[in-house]
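# Architecture at a glance
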Amino acid sequence: VQLQASGGGLVEAGGSLTLSCAASGRTLNNYIIGWFRQAPGKERNFVAAIMWNRAITSYADSVRGRFTISRDNAKNTVYLQMNSLTPEDTAVYYCAASPPDRRGSYSDTNKYQYWGQGTLVTVSS
């Protein structure tokens, strides 16, 4: 599986951005697709995840109610709609894919076998 993240950029606080994660190489049946972010000097943290087949979602507390993860089956793409952005959301955002038989919780980076290259989101105050 190859993942290509895009959509990052510079936005003012209170603004919105939509990130995309395009997958290629195989279909994503039963995969978990997650978004993580890493701010400078900090560890990579879970943001959101979606179960491809059932569209079951999970969110970090810090983004619940502001971010929405979704997927487009036809395009093999996962989206992260981000609203009400704050400077604390500034980070490199990564998408990742976990095969169905891989253990771990949605928020565990070790669960994910495939990673995209990251896209930078900068929120100005």
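Residues numbered from 1 in each chain as written. Predicted model: local features only at pLDDT ≥ 70, side-chain atom pairs only at ≥ 80, totals over all residues. Heavy atoms only, no water.

### Describing the environment of arginine 54
Selection rule: Each helix is a run of H or I in the DSSP string that is no shorter than four residues. Each strand is a run of E no shorter than two, and both are numbered from the N terminus. Each residue is assigned to one of three classes by its accessible area relative to the maximum for its type, calculated with a 1.4 Å probe on protein chains only: buried under 20%, partly exposed between the two thresholds, exposed over 50%.
By the secondary structure assignment, arginine 54 is in the loop between strand E5 (44–51) and strand E6 (57–59). Owing to a relative accessible area of 64%, arginine 54 belongs among the exposed residues under this scheme.

### Points about unusual backbone geometry
For asparagine 76, which is not glycine, the phi torsion reads 55° and is therefore positive. Relative to the assigned elements, asparagine 76 resides in the loop between strand E7 (67–72) and strand E8 (77–82). One non-glycine residue with positive phi stands out, namely serine 84, at about 50°. Position of serine 84 relative to the elements: it lies in the loop between E8 and strand E9 (91–98).

### Focus: the sheet that holds E7
Here is the rule: Here the rule is simple: two strands pair whenever DSSP picks up at least two bridges between them. With axes taken as lines fitted to C-alpha atoms, and helix axes fitted only over the stretch in contact, angles between N-to-C directions fall between 0 and 180 degrees.
Taken in spatial order, the 4 strands of this open sheet run E1-E3-E8-E7, and their pairing is antiparallel. Two strands lie at the open edges of the sheet, namely strand E1 (2–6) and E7, each paired on one side alone. Taking each pair of neighbouring strands and ignoring which way they run, the sheet shows an average axis angle of 15°. Bridge count between E7 and E8: 6 bridges; the pairing is antiparallel. Bridge pairing in E8 links serine 70 to tyrosine 79.

### Here we look at the side chain of lysine 111
The condition is simple: None of His or the chain ends enter the tally, which takes Lys and Arg as positive and Asp and Glu as negative. Salt bridges are identified by distance alone: a Lys or Arg side-chain nitrogen within 4 Å of an Asp or Glu carboxyl oxygen. Here, residues are in contact when the closest pair of their heavy atoms is within 4.5 Å.
In this fold, lysine 111 is placed in the loop between E9 and strand E10 (114–115). Buried and unpaired, lysine 111 has no salt bridge, with aspartate 101 as the nearest side chain of opposite charge at 8.1 Å. Not counting residues within four places of it along the chain, the set of residues in contact with lysine 111 comprises Ile32, Ser98, Arg102, Arg103, Gly104, Ser105 and Tyr106.

### Observations regarding the layout of surface pockets
Operational definition: Here a cavity is any set of points on a 1 Å grid over the protein atoms alone where a 1.4 Å probe fits but cannot get out, and a pocket is any open set with protein on both sides within 12 Å along at least 5 of 7 lines; a residue lines the site when it has an atom within 4 Å of a point. Grid points are joined across faces, edges and corners, and a volume is the space filled by probe spheres set on the points. Amino acids are sorted into nonpolar (Ala, Val, Leu, Ile, Met, Phe, Trp, Tyr, Cys and Pro), charged (Asp, Glu, Lys and Arg) and polar (every other residue, Gly among them).
Within this model, the largest pocket holds a volume of roughly 160 Å³. Arg37, Ala39, Lys42, Asn45 and Glu88 are the residues nearest the centre of the largest pocket, which is lined by 14 residues in total. Those elements that place two or more of their residues in the lining of the largest pocket are strand E4 (32–38) and E5. Per-element tally for the lining of the largest pocket: the top contributor is E5, with 3 residues. Broken down by class, the residue content of the lining of the largest pocket amounts to 6 nonpolar, 4 polar and 4 charged.

### Some details on the state of the cysteines
In plain terms, the rule: In plain terms, two cysteine sulfur atoms within 2.5 Å form what is called a disulfide here.
Scanning all chains against the criterion turns up 1 disulfide. Across the disulfide, cysteine 21 is cross-linked to cysteine 95 (sulfur-sulfur distance 2.2 Å). The S-S bond linking cysteine 21 to cysteine 95 shows a torsion near 75°; that makes this disulfide right-handed. Highlighted residues: cysteine 21 in strand E3 (residues 17–24) and cysteine 95 in strand E9, separated in sequence by 74 residues.

### Considerations on the pattern of salt bridges
Per the stated rule, a full pass over the model turns up 3 salt bridges. Here arginine 37 makes a salt bridge to aspartate 89, at a shortest N to O gap of 2.8 Å. Residue arginine 37 is found in strand E4, and its partner aspartate 89 is found in the loop between E8 and E9; the two are separated by 52 residues along the sequence. On the basis of relative accessible area, aspartate 89 is assigned to the buried category, the value being 1%. One salt bridge connects arginine 64 with aspartate 61, and the closest N-O pair in it is separated by 2.6 Å. Three or more residues joined by partner-sharing salt bridges are found here, namely Arg37, Arg66 and Asp89.

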